[in-house]
Amino acid sequence: MRRFPVLIMIVLALSFPAAAAESEDVKLDPEGWWAALWDGVYPTYDLYARSVLFGDSMNFGGGFTIGAETDLFRFEFYAQGDYFMSPLGSTGSLALLEFDIESGLSLGWKFMKFWSFDVYVACDIGYFMQFVITPYQSDSYTLGFNGIMLRPKLMTELNIGKWYGISVGVFYQFPLYPAYERYRGIGIMFSIL
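One structure accompanies this document, and this report is about it. No experiment lies behind these values; they were computed from the predicted model shown.

Next up on the list: the pattern of salt bridges. Considering all chains together, one arrives at 10 salt bridges under this definition. When the shortest N-O distance is used, the salt bridge between Arg 74 and Glu 157 registers 3.0 Å. Of this pair, Arg 74 sits in strand β3 (residues 73-84) while Glu 157 sits in strand β6 (residues 137-161); the two residues are 83 residues apart in sequence, bridging distant segments of the chain. Classification of Arg 74 as buried rests on a relative accessible area of 11%. A salt bridge links Asp 118 to Lys 110; its shortest N-O distance comes to 3.7 Å. Assessed through its relative accessible area of 3%, Asp 118 is described here as buried. For Lys 110, a relative accessible area of 12% translates into the label buried. Among the charged side chains, a salt-bridge network with shared partners connects Glu 102, Asp 124, Arg 151 and Lys 153.

Next comes the structure, spelled out in C-alpha cells:
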C-alpha cells in the first residue's frame, strides 16, 4: 500500500522538469499577439434586397453591411429600410405611407463549406423606427413604434471571386422590445455584392 504514494511522487517529480523544459522553448513576443489577432481577417461589404411576409401583407426593402470576416465568423454593422405595401395593414384608410429604418450589428458563424458555397447561421440585433403618414397629417411623418429587433437567419453564399459573392437567405424577424406583432414575420433576402 505504501508503494502507490511513492510511485505517484516519483511520476510527479519526473514530470515537472519535462514541463519546465517545454515552457523554455516557448518564447513570448509581446507584439506577436496583436498581429496574430488580425491574421486571416479581411473586410466584408454587402448590398442586399429583402422582403418580409406579415400575414396577408408584405414589404420590400434593402440595405447594406460593412464589417470583418475570419475563416469561421463574420461581424458586420448594417443599415436598412423597408417600404410597406399595406400601410398599417390597410389599403390607405389608416395611413397613406409606412416605412421603417433600422441599424444594428450582425453576427454570423460559418458552419458549413462545400465547393464554392459557404453556409452561415447569423443573427441581427438592431434598433428600428417606424414612420407613417396619416390622412389627417399628410404633410408630416409620425414616428410610430420603435425598439429592438432580433432577426435569426440562415444564409448561403456563393463565392465567385476573392472580393465578390452573391447570397440568398431566409430569416425570421421579431421585435424584442416592445413586442409589436405587425413586424413579426418570415422573410427572404438576396445579396448582390
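Still more to cover.
Take unusual backbone geometry next. That bond from Tyr 177 to Pro 178 is cis: its omega, -10°, falls within 30 degrees of zero. On the secondary structure map, Pro 178 appears in the loop between β7 (164-177) and β8 (185-191). For Trp 115, which is not glycine, the phi torsion reads 50° and is therefore positive. Position of Trp 115 among the secondary structure elements: in the loop between β4 (97-114) and β5 (117-134). Of the residues examined, Trp 115 reaches a relative accessible area of 72% and is grouped as exposed.

What follows is about the side chain of Thr 134. The topology assignment puts Thr 134 in strand β5. Under the relative-accessibility criterion, Thr 134 is labelled buried at 17%. In this view, Thr 134 contacts Leu 94, Ala 95 and Leu 96; residues no more than four positions away in its chain are not counted.

What follows concerns empty space enclosed by the protein. The tally for this structure, following the rule as stated, stands at 1 cavity of 30 Å³ or more. Its boundaries defined by the atoms lining it, the largest cavity holds a volume of some 160 Å³. The wall of the largest cavity is formed by 18 residues, among which Thr 65, Glu 76, Ser 106, Lys 153 and Met 155 lie closest to the centre. For the lining of the largest cavity, the elements supplying multiple residues, two or more each, are β1 (42-54), β3, β4, β5 and β6. Looking at the lining of the largest cavity element by element, the count peaks at 4 residues for β3. Class assignment for the residues of the lining of the largest cavity results in 7 nonpolar, 4 polar and 7 charged.

Looking at the element boundaries, Ser 51 is found in strand β1. Exposure remark for Ser 51: the relative accessible area of 11% places this residue in the buried category. A polar contact is formed between the side chain of Ser 51 and the backbone oxygen of Asn 59, at a distance of 2.8 Å. Leave out the neighbours within four places in its chain, and Ser 51 touches Met 58, Asn 59, Phe 60, Phe 171, Ile 186, Gly 187 and Ile 188.

Now for the environment of Ile 148. For Ile 148, the position within the fold is in strand β6. Between the C-alpha atom of Ile 148 and that of Leu 176, which follows or precedes it by 28 residues, the distance is 5.4 Å. Aside from chain neighbours lying at most four places away, what touches Ile 148 is Ile 125, Gly 126, Phe 128, Phe 174, Pro 175, Leu 176 and Tyr 177.

Rules behind the numbers
Residues numbered from 1 in each chain as written. Predicted model: local features only at pLDDT ≥ 70, side-chain atom pairs only at ≥ 80, totals over all residues. Heavy atoms only, no water. Salt bridge = Lys/Arg side-chain N within 4 Å of Asp/Glu carboxyl O. Helix = DSSP H or I, 4+ residues; strand = E, 2+ residues; numbered from the N terminus. Buried < 20%, exposed > 50% of the residue type's maximum accessible area, 1.4 Å probe, protein only. Contact = heavy atoms within 4.5 Å. 1 Å grid on protein atoms, 1.4 Å probe; cavity = no way out; pocket = protein on both sides within 12 Å on 5 of 7 lines; lining within 4 Å. Points joined across faces, edges and corners; volume = space filled by probe spheres on them. Nonpolar A, V, L, I, M, F, W, Y, C, P; charged D, E, K, R; others polar. Polar contact = N/O pair within 3.5 Å; in protein donor to acceptor, adjacent residues only side chain to side chain.

Everything listed here is a matter of geometry and, on its own, says nothing about what the molecule does.
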